[in-house]
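Each chain, written out:
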Amino acid sequence: MEENWMVLLQRQNQLAGVMKTNQFTEKFGLRLSEQDAELILQERGNALREQKRVEFGEGIASRIIYEFCDSDFIDQNNYVDTVIRLQEIFYLFKNEMQDEITDEELLHLMKEQFEVLCFGDLDYLEGTCLHHFAQAIRAGYEGYKGTDGYGEYAKFDQQVRWDYGLYYAALQELCWG
């Protein structure tokens, strides 16, 4: 079946956009081959179909790459797989949050939690952090507006975290009596 020339042109523009990210990401030791970029775009299409979404223009892949490329938890070995998974998570939670949150707000929220709370654990990002935040959005929470997605998750974090001061005091007691 012959593809529509507009679809081919859009695909070519998307590929060029993803490949262009190499100019920026190389300083972080990350580089995509054309085959990697094709795979990312193919998986983007699969994620869009799975989430029953339509997207025009360059798409979210390049924006994810720019947002996450400086992460301490991404290296060349997991780069492509991480970008693919982040795309899937992004589209899932655009739906879960009923498109109430902008792309930029969601990207910033994802990146902040990925770095600070999840320490690169995509399952935790998806299953806990974004899940809780999506519940709040669906319940009518609008406090995130104007924050660009920064500093928002702590308001919904239900997990008890360790306190450094308390930990250090306990360690001192154990080690030095």
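For the structure given in this document, a descriptive report is provided here. Bear in mind that the values here come from a model prediction, so they are computed numbers and not experimental data.

**Overview of the overall build of the chain**
A tally of regular secondary structure across the chain gives eight helices and zero strands. When the helices and strands of the chain are listed from N to C terminus, the series reads α-α-α-α-α-α-α-α. Within the chain, contacts between residues at least 6 apart in sequence are counted, and of these 68% link residues at least 24 apart. In the form shown here, the chain has an accessible surface area of approximately 10,400 Å², with 51% of it arising from carbon and sulfur atoms.

**Considering the packing of helix 3 (residues 34–50) against helix 5 (residues 79–96)**
Taken N-terminus to C-terminus, the directions of helix 3 and helix 5 make an angle of 20°; their axes are 9 Å apart at the nearest point. Comparing their axes, helix 5 and helix 3 come out roughly parallel. With respect to the hand of their crossing, helix 3 and helix 5 are arranged in right-handed fashion. Residues Asp36, Leu39, Ile40, Glu43, Arg44, Ala47 and Leu48 of helix 3 pack against Val80, Val83, Ile84, Gln87, Glu88 and Tyr91 of helix 5. Its residues assigned to classes, the contact of helix 3 with helix 5 comprises eight nonpolar, one polar and four charged.

**Things to note about the nonpolar core**
Ranked by internal contacts, the top residues of the largest apolar core, which has 43 residues, are Met97, Leu125 and Leu130. For this core, the secondary structure elements donating two or more residues are helix 1 (5–20), helix 3, helix 4 (61–68), helix 5, helix 6 (103–116) and helix 7 (122–138). Element by element, the count of residues in this core is highest for helix 5, at ten residues.

**So, the side chain of Thr25**
Counting through the fold element by element, Thr25 comes out in helix 2 (residues 22–25). Here the side chain of Thr25 touches Leu30 through a polar contact of 2.8 Å, landing on its backbone oxygen. Those residues in contact with Thr25 that lie beyond four places of it in its chain are Leu30, Arg31, Ile65, Cys69 and Tyr79.

**Brief notes about the packing of helix 4 against helix 6**
Interhelical geometry of helix 4 versus helix 6 gives an angle of 40° and a closest axis separation of 10 Å. Judged by the angle between their axes, helix 4 and helix 6 are oblique. The handedness of the crossing between helix 4 and helix 6 is right-handed. Here helix 4 contributes Arg63, Ile64, Glu67 and Phe68 to the contact with helix 6, which in turn contributes Asp103, Glu104, Leu107, His108, Met110, Lys111 and Phe114. When the residues that make up the contact of helix 4 with helix 6 are grouped by side-chain class, the tally is five nonpolar, one polar and five charged.

**Some points on unusual backbone geometry**
The phi torsion of most residues other than glycine is negative, and most of the peptide bonds are trans. One non-glycine residue, Lys52, lies in the positive phi region at around 55°. Mapped onto the elements, Lys52 comes out in the loop between helix 3 and helix 4. Accessibility expressed as a relative area gives 74% for Lys52, which makes it exposed. Although it is not a glycine, Gln98 sits at a positive phi angle of roughly 55°. On the basis of relative accessible area, Gln98 is assigned to the partly exposed category, the value being 47%.

**Some words on the pattern of salt bridges**
Taken as a whole, this structure holds twelve salt bridges when the rule is applied. One salt bridge connects Arg85 with Asp123, and the closest N-O pair in it is separated by 2.9 Å. Within this pair, whereas Arg85 is found in helix 5, its partner Asp123 is found in helix 7, the two being separated by 38 residues in sequence. The structure contains a network of salt bridges with shared partners spanning Arg53, Arg63, Lys94, Asp99, Asp103 and Glu104.

Criteria and thresholds
Residues numbered from 1 in each chain as written. Predicted model: local features only at pLDDT ≥ 70, side-chain atom pairs only at ≥ 80, totals over all residues. Heavy atoms only, no water. Helix = DSSP H or I, 4+ residues; strand = E, 2+ residues; numbered from the N terminus. Contact = heavy atoms within 4.5 Å. Areas by Shrake-Rupley, 256 points an atom, 1.4 Å probe, with all protein chains shown as cover. Axes fitted to C-alpha atoms, helices over the stretch in contact; angles between N-to-C directions. Parallel < 35°, antiparallel > 145°, perpendicular 65-115°, else oblique. Left-handed = near helix turned anticlockwise from the far one by under 90°. Nonpolar A, V, L, I, M, F, W, Y, C, P; charged D, E, K, R; others polar. Core = buried A, V, L, I, M, F, W, Y, C linked by side-chain atoms within 4.5 Å. Buried < 20%, exposed > 50% of the residue type's maximum accessible area, 1.4 Å probe, protein only. Polar contact = N/O pair within 3.5 Å; in protein donor to acceptor, adjacent residues only side chain to side chain. Salt bridge = Lys/Arg side-chain N within 4 Å of Asp/Glu carboxyl O.

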